[in-house]
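Summary of structural features
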Amino acid sequence: MPVATAEPLAHRLADQESTRTTVVWDDPVNLMDYVTMVFMRYFGYPRERATQLMIQVHNEGRATVAEGSKEEMEIAVHAMHGYGLQASVEKGGQG
């Protein structure tokens, strides 16, 4: 009986190359409660997770808040800009 094999390496590498993340950056303007609310409202995170991400942004200067296709992440970045947050798209899928 044949053994089920994992996804081909080339396909996994292509997936990693096409994966992007949305990164939100710290700024001196937005209040922490506001950033938490944005993460809850836009990404649907529960308060605890949204708060963890906000604290990461505050303490480390940035946090990865979402992962997906390039198009999805560009839409999310645009939405973050609409909320007045600084955000960017980065290549994802890296260990």
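An account of the accompanying structure is given in this report. (Residues numbered from 1 in each chain as written. Predicted model: local features only at pLDDT ≥ 70, side-chain atom pairs only at ≥ 80, totals over all residues. Heavy atoms only, no water.)

Right, let's get into helix 4 (residues 70-82). Note that an α-helix has 3.6 residues per turn; residues three or four places apart therefore point the same way. End to end, helix 4 covers 18 Å across 13 residues, agreeing with the expected 18 Å (1.5 Å per residue, within 8%). For helix 4, every residue scored as buried is listed here: Met 73, Ala 76, Val 77, Ala 79 and Met 80. Burial along helix 4 is one-sided: seen end-on, the buried residues are contained in an arc of 160°. What points out from helix 4, more than 90 degrees from its buried face, is the exposed set Glu 71, Ile 75, His 78 and Gly 82. The inward-facing, buried residues of helix 4 contact strand 1 (19-25), helix 2 (32-43), strand 2 (62-69) and strand 3 (86-91). (Helix = DSSP H or I, 4+ residues; strand = E, 2+ residues; numbered from the N terminus. Expected span 1.5 Å × (residues − 1). Buried < 20%, exposed > 50% of the residue type's maximum accessible area, 1.4 Å probe, protein only. Arc of directions from axis to C-beta. Contact = heavy atoms within 4.5 Å.)

Evaluation of the coordinates by the stated rule reveals one salt bridge. Measuring nitrogen to oxygen at the nearest pair gives 3.0 Å for the salt bridge that ties Arg 62 to Glu 90. Pair noted here: Arg 62 is in strand 2 and Glu 90 is in strand 3, with a separation of 28 residues, a long-range link. The class for Arg 62 is partly exposed, based on a relative accessible area of 28%. (Salt bridge = Lys/Arg side-chain N within 4 Å of Asp/Glu carboxyl O.)

To continue, consider the nonpolar core. Counting 15 residues, the largest nonpolar core has Val 24, Phe 39, Val 65, Met 80 and Leu 85 as the members making the most contacts within it. Counting residues per element, the ones that place at least two in this core are helix 2, helix 3 (47-60), strand 2 and helix 4. Once residues within four sequence positions are removed from consideration, Phe 39 is found in contact with Val 24, Gly 44, Tyr 45, Ala 50, Leu 53, Met 54, Val 57, Val 65, Met 80 and Leu 85. (Core = buried A, V, L, I, M, F, W, Y, C linked by side-chain atoms within 4.5 Å.)

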